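This is what each chain is made of:
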Amino acid sequence: MKKIIITLDGYSSCGKSTLAKQMARALNYVFIDSGAMYRAITLYFIAHAIDYTNDSAVQEALKQINLAFDYNISSGSSDILLNGRNVENEIREMRVSNLVSDVAANQYVREFGVAQQQQMGLQKGIVMDGRDIGTTVFPNAELKIFVTADPAIRVARRYLELSAKNPGISKEEVQANLAMRDEIDSTREFSPLRKADDAVVLDNSHLTREEQLKTALQWVNDKINSLAVL
Ligand code: C5P
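What counts and what doesn't
- Residues numbered from 1 in each chain as written.
- Predicted model: local features only at pLDDT ≥ 70, side-chain atom pairs only at ≥ 80, totals over all residues.
- Heavy atoms only, no water.
- Helix = DSSP H or I, 4+ residues; strand = E, 2+ residues; numbered from the N terminus.
- Rg over C-alpha atoms; globule rule 2.2 N^0.38 Å.
- Buried < 20%, exposed > 50% of the residue type's maximum accessible area, 1.4 Å probe, protein only.
- Contact = heavy atoms within 4.5 Å.
- Areas by Shrake-Rupley, 256 points an atom, 1.4 Å probe, with all protein chains shown as cover.
- Lys, Arg positive; Asp, Glu negative; His and termini not counted.
- Charge placed at Lys NZ, Arg CZ, Asp CG, Glu CD.
- Near = heavy atom within 4 Å.
- Polar contact = N/O pair within 3.5 Å; in protein donor to acceptor, adjacent residues only side chain to side chain.
- Nonpolar A, V, L, I, M, F, W, Y, C, P; charged D, E, K, R; others polar.
- Axes fitted to C-alpha atoms, helices over the stretch in contact; angles between N-to-C directions.
- Parallel < 35°, antiparallel > 145°, perpendicular 65-115°, else oblique.
- Left-handed = near helix turned anticlockwise from the far one by under 90°.
- Pairing = 2+ DSSP bridges.
- Phe/Tyr/Trp six-rings, centres within 6.5 Å; stacked < 30°, edge-to-face > 60°.
- Expected span 1.5 Å × (residues − 1).

Trainee: Describe in detail the overall build of the protein chain, supporting the description with residues and values.
Mentor: Across its full length, the protein chain carries 10 helices and eight strands. A compact globule built from 230 residues would reach a C-alpha radius of gyration of about 17 Å, and the protein chain, at 17 Å, matches this within 12%. Dimensions of the protein chain, computed from C-alpha atoms along their principal axes, come out at roughly 55 × 35 × 35 Å. Within the span of the protein chain, comprising 230 residues, buried residues form 47% of the whole. Considering only intrachain contacts with a sequence separation of at least 6, the fraction spanning at least 24 residues in the protein chain is 72%. Only carbon and sulfur atoms are counted for the fraction: they give 51% of the accessible area of the protein chain, which is about 11300 Å². In the protein chain, which carries 26 positive and 29 negative side-chain charges, the distance between the mean positions of the two groups comes to 5 Å.

Trainee: Lay out the site of the ligand in plain terms, naming residues and giving numbers.
Mentor: Taken together, 17 residues lie around the ligand, and Arg39, Ser101, Arg181, Asp185 and Arg188 are the ones closest in. Arg39 places a side-chain nitrogen or oxygen 2.7 Å from an oxygen atom of the ligand. Arg188 is positioned with one of its side-chain polar atoms (N or O) 2.7 Å from an oxygen atom of the ligand. When residues of the shell around the ligand are traced back to their parent elements, those giving at least two are α2 (34–47), α5 (100–104) and α9 (171–187). Counting residues per element, the shell around the ligand draws most heavily on α2, at four residues. Partitioning the shell around the ligand into residue classes produces four nonpolar, five polar and eight charged.

Trainee: If you had to explain the packing of helix α8 (residues 151–165) against α9 to someone new, which residues and values would you point to?
Mentor: Two measures define how a pair of helices packs: the angle their axes make with one another and the distance between the axes. Their axes nearest at 9 Å, the elements α8 and α9 cross at an angle of 120°. In terms of orientation, α8 and α9 fall into the oblique class. Crossing of α8 against α9: the hand is right-handed. Contacts between α8 and α9 involve Arg154, Val155, Ala156, Arg158, Tyr159 and Leu162 on the former and, on the latter, Lys171, Val174, Gln175, Leu178, Arg181 and Asp182. Across the contact of α8 with α9, the residue classes break down as six nonpolar, one polar and five charged.

Trainee: Tell me about the sheet that holds strand β3 (residues 67–72), residues and numbers included.
Mentor: Spatial strand order, β3-β4-β5: three strands in an open sheet with antiparallel pairing. Pairing within the sheet leaves two strands with one partner each, and these edge strands are β3 and β5 (85–86). For β3 and strand β4 (residues 77–82), the ladder comprises six bridges, and the chain directions are antiparallel. For Asp70, the partnering residue across the bridge sits in β4 and is Asp79. Running over the sheet, α2 touches β3, β4 and β5 and is turned about 25° from β4.

Trainee: Which residues make up the packing of aromatic side chains, and what values do they have?
Mentor: By the definition in use, this model includes one aromatic pair. When the ring of Tyr11 is compared with that of Phe146, the centres are 6.3 Å apart and the planes differ by 85°; the resulting orientation is edge-to-face. Within this pair, whereas Tyr11 is found in the loop between β1 (5–10) and α1 (16–27), its partner Phe146 is found in strand β7 (residues 143–148), the two being separated by 135 residues in sequence. Relative accessible area serves as the criterion here: at 31%, Tyr11 is assigned to the partly exposed category.

Trainee: Got a sec to walk through α1? Specific residues and values, please.
Mentor: With 12 residues, α1 ought to run about 16 Å at 1.5 Å a step, and its terminal C-alpha atoms sit 16 Å apart, in line with that. On its buried side, α1 packs onto β1, β2 (30–33), β6 (126–130), β7, β8 (200–203) and α10 (209–228). Note on α1: the residue one or two positions beyond its end, Asn28, has a positive phi of about 60°.

Trainee: Break down the environment of Ser186 for me, citing the residues and quoting the values.
Mentor: For Ser186, the location among the structural elements is in helix α9. Judged by its relative accessible area of 29%, Ser186 is partly exposed. When the C-alpha positions of Ser186 and Leu122 are compared, they lie 27 Å apart, and in sequence the two are 64 residues distant. Ignoring sequence-local partners within four residues, the contact set of Ser186 consists of Tyr11, Pro192 and Leu193.

What follows is the structure in structure tokens.
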């Protein structure tokens, strides 16, 4: 069966990664979490006290960063490696979440991330989630999905996920973090978050995981069938 590139973009915590993982598993595609790449860069910047507003320091720091993904059998998806070290858990901490959108708005960080992501798509057969995947990374992707969910539902989902690992976290803190990231991501100068003109919208506010997967896989089938008759 023909392999395509599938992009999933949308605001923070609207379930993009969950859907992307489900789709990759069902299609036997590779799932790539582009947000994990920006989070790992941010972790490096925190550890080495790199000022994200200092472009020459950012450019030097990026030369020291190697990102890779390593398949994790128990979770069924890939963990990110920063210079060979598995940082999959660390990158989800609030200290990273609070800084990542500022770091990701830097022009050189974006060029670095986008170039690596484009490289990963050369083989096709990938599902990549992020903010600018359908607009900047793969403007010619065969299927682009823009995922949305009601803001209150997004906060509730993320709070549930984070409070299991961080007992001290408050709902207000989660809400403020999502609002801040969405604002920075959608107003930045370089590849801001926006729906690609040719993306289909999936609002999963009131869908179960099974329902959203069914809808998305139907779109994949329709797309592959339409390409076959061209
Ligand atoms: O997807 P996730 O919420 O983990 O992404 C963390 C942050 O990384 C986002 O809030 C955004 O600032 C940045 N990001 C980005 N472009 C992407 C993916 C993520 O700027 N393609």
